[in-house]
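# Coordinate analysis (summary)
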Amino acid sequence: AGFAQLRQGPSDQRLIARVPDAEEAHYRLGELFFQQKQLAAARVALERAVSLAPDHIEARELLADVLRGQGELSLAIGELKDAFDRAGEPSDLGQRLLVFLLDAGETRAADELLTSLAGEHRPPRVRLDAGYLYLSLGQAERARELARLVGASPRLRDDATLLEAESLARQGQQEAAL
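Residues numbered from 1 in each chain as written. Predicted model: local features only at pLDDT ≥ 70, side-chain atom pairs only at ≥ 80, totals over all residues. Heavy atoms only, no water.

## Here's the deal with the packing of helix H5 (residues 57-69) against helix H7 (residues 91-103)
Rules: Each axis is a line fitted through C-alpha atoms, taken for helices only over the stretch in contact, and angles between the N-to-C directions span 0 to 180 degrees. Secondary structure elements are taken from DSSP: a helix is a run of H or I of four residues or more, a strand is a run of E of two residues or more, and numbering for both begins at the N terminus. Small angles under 35 degrees read as roughly parallel and large ones over 145 as roughly antiparallel, with 65 to 115 read as roughly perpendicular and the rest as oblique. Whether a crossing is left-handed or right-handed is set by the direction in which the near helix is turned from the far one by less than a right angle, anticlockwise for left-handed and clockwise for right-handed. Whether two residues touch is decided by their heavy atoms; if any such pair falls within 4.5 Å, the residues are in contact. Three classes are used, and their members are as follows: Ala, Val, Leu, Ile, Met, Phe, Trp, Tyr, Cys and Pro are nonpolar, Asp, Glu, Lys and Arg are charged, and the others, Gly among them, are polar.
For the pair H5 and H7, the least separation of the axes is 13 Å and the interaxial angle reads 20°. One finds that H5 runs roughly parallel with respect to H7. The crossing of H5 and H7 is left-handed. Only Leu93, Arg96, Val99, Phe100 and Asp103 of H7 make contact with H5, whose side of the interface consists of Ile57, Glu61, Ala64, Asp65 and Arg68. Here the contact of H5 with H7 is built from residues that sort into 5 nonpolar, no polar and 5 charged.

And the structure:
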């Protein structure tokens, strides 16, 4: 009856309290509340999921979205940073975190994150993704440098060539890009 009741609309603390202490149940409940744009209830359910399972990356990501939707951008960034660290710093979370940081005007932290994503210790695919992020931020020369470095990897050569061509085009060197 609990989930059927939820799908009909009402959200209250009693329903959340009736859900067993299982992180996945609270995560799913948070998802449902989020889909219904009931951010306060989603936040409660997702905070419970994270308290039960601190390494539940998806719950932390969704909680960051809820917090952002509530205007709590600094808390959202904290959740996303924690998810990024706990997940082993994957590039997709790094990209989301970069967007949150830029939205918050935290350009220094965004630059440090992007520099880290482009670092030599990162796999070539992550460095290629960082190159595209640099390109989207108008830093075509840095994107081109990463494209050249990643191009040494046979599996990513075509992708790196495309990034380099896009970088050259953004720098006004269309002939060289072709």
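Further notes follow.
## What to know about helix H10 (residues 140-150)
Rules: Burial status follows relative accessibility: with a 1.4 Å probe on protein chains alone, a residue under 20% of its type maximum counts as buried, one over 50% as exposed, and anything between as partly exposed. Directions are taken from the helix axis to each C-beta atom, and the arc is the one they span.
Three or more residues of H10 are buried, namely Ala140, Ala143, Arg144, Leu146, Ala147 and Val150. Viewed end-on, H10 has its buried residues packed into an arc of 165°, placing them on one side of the element. The inward-facing, buried residues of H10 contact helix H9 (124-136) and helix H11 (157-170).

## Structural notes on helix H8 (residues 107-117)
Where H8 is concerned, the buried positions are Ala110, Leu113, Leu114 and Leu117. For H8, the angular spread of buried residues about the axis comes to 95°, placing them on one side. Those residues of H8 that are exposed and angled more than 90 degrees off the buried face are Arg108 and Glu112. In the core, the buried residues of H8 are packed alongside helix H6 (73-86), H7 and H9.

## Quick look at the nonpolar core
Put simply, the test is: Grouping buried Ala, Val, Leu, Ile, Met, Phe, Trp, Tyr and Cys residues that are joined through side-chain atoms within 4.5 Å yields what is termed a nonpolar core.
Residues Leu46, Leu97, Leu113 and Leu117 are the most contacted members of the largest nonpolar core, which totals 45 residues. By residue number, the principal contributor to this core is H5, which donates 7 residues. Excluding residues within four positions of it along the chain, Leu97 makes contact with Ile77, Leu80, Lys81, Phe84 and Leu113.

## Notes on the packing of aromatic side chains
To be explicit about the condition: Paired rings are identified among Phe, Tyr and Trp, the last through its six-membered ring, by centres lying within 6.5 Å, and are further divided according to the angle between planes into stacked (under 30 degrees), edge-to-face (over 60) and tilted (the rest). The rule for a charge over a ring is simple: NZ of Lys or CZ of Arg within 6 Å of the ring centre, and within 35 degrees of the ring normal.
If you walk through the whole model with that rule in mind, you get 0 aromatic pairs. Against the face of Phe100 rests Arg68, its NZ or CZ located 4.4 Å from the ring centre.

## Let's talk about the environment of Ala110
Of note, Ala110 is situated in helix H8. Considered as a pair, Ala110 and Val99 are 11 residues apart in the sequence and their alpha carbons are 8.1 Å apart. Each residue touching Ala110, except ones within four places of it in the same chain, is listed here: Leu98, Leu101 and Leu102.

## Re the side chain of Glu61
You can see Glu61 is positioned in helix H5. Given a relative accessible area of 19%, Glu61 falls into the buried group. Aside from chain neighbours lying at most four places away, what touches Glu61 is Leu80, Leu93 and Arg96.

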